[in-house]
Amino acid sequence: MAQREHRITSSARILDAAARYRRQKKALEALEQDNFHDEPHADLVMSKKVPKFQESNEKGPTKKKKQRSSEYFKLKFRKAINTLIEEEQLENVEGPNYSTAGAPPSKLPPRSFCTVCGFPSSYNCIPCGGKYCSLKCLKTHQDTRCLKWTA
Amino acid sequence: MPKLILDNGGYSIKAGFSTAEKPRLIPNCISKARSERRRPFIGDQIDDCRDTSGLFFILPFQKGYMVNADTQKTIWDYCFGKDVLDVTPTETDIVITEPHFNFKTLQEAVCELLFEEYEFRSLCRTSSSTSADYYYSITEGIQKKTSCTLVVDCGYSFTHIVPYVNGVKVTESVRRIDVGGKALTNHLKEIISYRQLHVLDETYLINQVKEDVCYVSTDFSQDVEVSKKKLSENNTIVREYVLPDYSSIRRGYIRKLEETGKRAKDNEQILRLNNERFTVPELLFHPSDVGIPQMGISEAIVTVIESFPEPIKHHFYDNIVLIGGTSCFPGFKERILHDVRRDASIYADTNVFLPTNPTFYAWEGAKKFSQDAEFSKYTVSRNTYNEKGLNAFAKICDI
Ligand SMILES: [Zn+2]
Ligand SMILES: [Zn+2]
C-alpha cells in the first residue's frame, strides 16, 4: 500500500465520496471521544483499592445480603449505546424515542470555514474537498492535512 | 427525614440532602493520572491531584446515557459514603434525574442499583428539565400566570429542548441536538492541536481553557471582522492563555490584556486564542459547521414552539428557561433571545430566563419538589418496587 502511494503523486489522487464520508465520520466520532491516549497503568488492578460502600459505611445495606460484584453489572447492563438505539428502533418504530427526538437538519444555508485558520472560506480543495480561504491556507492544508492519514 | 437529591449528569453529579443550601458538585468520572501510579481519583478527589496533565477518564455515561452501571456504582459508593454525604439508604428517600428517552435496560439498571444494592427506602425518578420546569413554575413563572415553559437543557453530552404544558412534558415534541460541552471541548482540542500545540490528551486543561476564554457571539460577522485584524489594529478578541506547568503555575489563566502580544516570560507557555473563542461555541447554533446534520439551538427552539397552536405559542415564547453547565457561556442567553425574536412567526413577548446558577438549577428544583405536599405521590417504595418492578413508575414518572 505504502509503495503504491509513493508511485502516485498526491496531486493525481482524488478522494472518492466513500473516503470523504469515512473522513467526516471519523471527525464526528472524535467529537464524542473521551480519551485520545491509552490508559496509564492499565496493568494495575486499581479497583481493588477503591473502598466499597458497604465496607466504609456500617449503616449501609443489611449485612446478611451479599453485594453483587461489579462483574454482575458489567454483564447485565453494559451495552454499547448504538446497540441500545438499534434495539429500541426495532421495538418502537413510531416513537417518540431517542431516534425520533433527534433534531432535524437546519433549513439555513450551510456555512463554510477554512479548515486551516477558521475564518469563513469559499473554496474547496479539489483532491479532498476540505475548505480553505486563501492560497496561503491552501498551501498549509496541502502540506499538513490534505491527503494525509487517509487509509 | 431529609431526602437525598441526586442530579446525575454525564459530566457531573449534583448531590446533596434537601436540607442543604446547595449541592456538592462531583465530576461523574474516575480519573487516572500519569503522575499517580497508586490511586484512581474518584469524582472530586481529582482536586487532590497536583499534576493533572494527560488524565485518563473512565466514565459511566456514553452519549448522555448511563451505559456503564458498574462504573457508576463505584462513583456512587464514594458519593454516598462517609467521606462525602454519609447516607443511610434504608432510612432515606432519594430523588434522581435520568436523561429523556432513557433506554429501558438502563432504567432497570438505575432501579436495581438504588433499590437492590443500596436499598434506598423510596425512589422518585425525574429529569433535570422537569425539575427546572417545576422550580420555574413556583418562582419566576408564578407572576406570569403561565401554563407553558420551554426548558432548554444544554449539558455536556447533548442539548434538549423540552416543552411543558401545565407541568406535563410534551414528550413527542422534545428535540435533542447532539452538541453539548463535550463536543465543544473536543472541537477546541482538535483545532488547537492543528494550529498550535498538541493537546489531544489534555481534555481537563482544554475544558478549563474553554470555560475561561470562549463566549457565544451575538454578532458573528462583526466578530469575524474584528478577529481578522492584527493586534495593533485593535483586535479586541484575541487573548493569550498561560498554560499551567504544574509546579509554579497550577492552573492556567488569561494573560493580562496589556501583556498580550508581549514576549512570554521564560517559564511561560502560551496559547493564543482568536476566532476560536467564538467559533467553538458557535457549534451549538450551527452543528452543520462541523458536519452534524442537525439544526442549532435557536432554530430548534423556534421550530418546537411553532409546532404548537397559536395561543400556546405565545406562552412558550414568553417562558424560555435555560439550564445546564454549557449555558454558562457569556452571551448565550443574549444570542438565543436575539435569534428567537428575529425568527418567531408571530409578534410575541419573548423572554429568556437564565438562572444565577444554571448547573444547580435542576438540583434546586428537585429539592423544592421533594418538599411539595404532593411529593409522596411521585415516589415508589422499595416494597412496591419489589412487587411490581419498573411498572411501579409507569404513571408517575415521565422518563
Ligand atoms: Zn484560511
Ligand atoms: Zn485537500
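Notes on the structure follow. (Residues numbered from 1 in each chain as written. Chains lettered and ligands numbered in written order. Predicted model: local features only at pLDDT ≥ 70, side-chain atom pairs only at ≥ 80, totals over all residues. Heavy atoms only, no water.)

1. Quick word on the overall build of chain B
Just so we agree on the cut-off: Helix and strand labels come from DSSP, where a helix needs a run of H or I of at least four residues and a strand needs a run of E of at least two; each type is numbered from the N terminus. Atoms considered for the radius of gyration are the C-alpha atoms alone. The globule rule reads 2.2 Å times the number of residues to the power 0.38. Under the scheme applied here, a residue whose accessible area is under 20% of the maximum for its type counts as buried, over 50% as exposed, and between as partly exposed, the area being computed with a 1.4 Å probe on protein chains only. Residue burial considers only the protein chains on display, and all accessible areas are found by Shrake-Rupley using a 1.4 Å probe. For the purpose of counting charges, residues Lys and Arg are taken to be positive, whereas Asp and Glu are taken to be negative. His and the chain ends are not included. Lys charges are placed at NZ, Arg charges at CZ, Asp charges at CG and Glu charges at CD.
Summing up its helical and strand segments, chain B has 13 helices and 20 strands in all. A compact globule built from 399 residues would reach a C-alpha radius of gyration of about 21 Å, and chain B, at 22 Å, matches this within 12%. Along the longest, intermediate and shortest principal axes, the C-alpha atoms of chain B span 70 × 60 × 35 Å. Going through the 399 residues of chain B one by one, you find that 64% of them count as buried. Summed over its atoms, the accessible surface of chain B is roughly 15,600 Å², and 48% of this surface lies on carbon and sulfur atoms. Each charge class in chain B can be summarised by its mean position, and for the 49 positive and 55 negative side chains these summaries are 2 Å apart.

2. Quick notes on the packing of aromatic side chains
All names here are of chain B. The test is simple: Aromatic rings from Phe, Tyr and Trp, taking only the six-membered ring of Trp, are treated as a pair when their centres fall within 6.5 Å; an angle between ring planes under 30 degrees marks them as stacked, one over 60 as edge-to-face, and anything in between as tilted.
Per the stated rule, a full pass over the model turns up 23 aromatic pairs over all chains. Seen from their ring centres, Tyr65 and Phe158 are 5.8 Å apart, and the 70 degrees between their planes marks the pair as edge-to-face. Placement of Tyr65 in strand β8 (residues 65–66) and of Phe158 in the loop between β11 (148–154) and β12 (159–165) is noted, with a sequence separation of 93 residues between them. Accessibility expressed as a relative area gives 0% for Tyr65, which makes it buried. Since its relative accessible area comes to 10%, Phe158 is described here as buried.

3. Side note on the coordination of the zinc ion (ligand 2)
Ideal geometry at a metal centre gives angles of 109.5 degrees when four donors are arranged tetrahedrally and 90 or 180 degrees when six donors are arranged octahedrally. All names here are of chain A. For clarity, the cut-off: Water is absent from the atoms considered, so a metal site may look incomplete; donors are defined as N, O and S atoms within 2.8 Å of the metal, or 3.2 Å for Na, K and Ca. Here the metal geometry follows the donor angles, with tetrahedral for four donors whose angles all fall between 85 and 135 degrees, square planar for four and octahedral for six when opposite donors are more than 155 degrees apart and every other angle is between 65 and 115, and irregular for all the rest.
Each protein donor to the zinc ion (ligand 2) is listed here as Cys125 (SG), Cys128 (SG), His141 (NE2) and Cys146 (SG); together their distances run 2.0 to 2.3 Å. Seen from the zinc ion (ligand 2), its four donor atoms lie at angles of 97 to 118 degrees, and the figure they make is tetrahedral. Sequence spacing of the donors to the zinc ion (ligand 2): C-x2-C-x12-H-x4-C. Classification of His141 by relative accessible area gives buried; the value is 3%.

4. Re the nonpolar core
Most often, soluble globular proteins have nonpolar side chains that are buried together. Residue and element names in this part refer to chain B. The test is simple: The definition of a nonpolar core used throughout is a set of buried Ala, Val, Leu, Ile, Met, Phe, Trp, Tyr and Cys residues joined through side-chain atoms within 4.5 Å.
By size, the foremost hydrophobic cluster in this structure holds 54 residues, and its most contacted members are Ile297, Ile301 and Phe332. Among the secondary structure elements, those contributing two or more residues to this core are β11, α5 (181–195), α6 (203–213), β17 (270–273), α9 (297–306), α10 (310–318), β18 (320–323) and α11 (332–343). The next biggest cluster of nonpolar side chains, apart from the first, holds 38 residues, and it includes Leu6, Ile42, Val87 and Leu113.

5. Some thoughts on the pattern of salt bridges
Residue and element names in this part refer to chain B. Threshold: Salt bridge criterion: a side-chain nitrogen from Lys or Arg within 4 Å of a carboxyl oxygen from Asp or Glu.
Under the criterion given, the structure shown has 30 salt bridges over all chains. Across the salt bridge formed by Glu98 and Arg125, the nearest N and O atoms sit 2.5 Å from each other. One end of the pair, Glu98, is in the loop between β9 (93–97) and α2 (104–117); the other, Arg125, is in strand β10 (residues 122–126), with 27 residues separating them in the sequence. Summarising the burial analysis for this pair, Glu98 and Arg125 share the class buried. Of the charged contacts, one joins Glu282 and Arg335 as a salt bridge, the two residues approaching to 2.8 Å between their closest N and O atoms. Of this pair, Glu282 sits in the loop between α8 (276–279) and α9 while Arg335 sits in helix α11; the two residues are 53 residues apart in sequence, bridging distant segments of the chain. Looking at Glu282, the relative accessible area reads 1%, which means it is buried.

6. Let's talk about the sheet that holds strand β6 (residues 56–58) of chain B
Residue and element names in this part refer to chain B. Stated formally: Pairing between strands is defined by DSSP: at least two bridges between them are needed.
Taken in spatial order, the three strands make up an open sheet running β5-β4-β6, and their pairing is antiparallel. Pairing within the sheet leaves two strands with one partner each, and these edge strands are β5 (41–42) and β6. Relative to β6, strand β4 (residues 30–32) runs antiparallel, the two sharing three bridges. Bridge pairing in β6 links Lys32 to Phe56.

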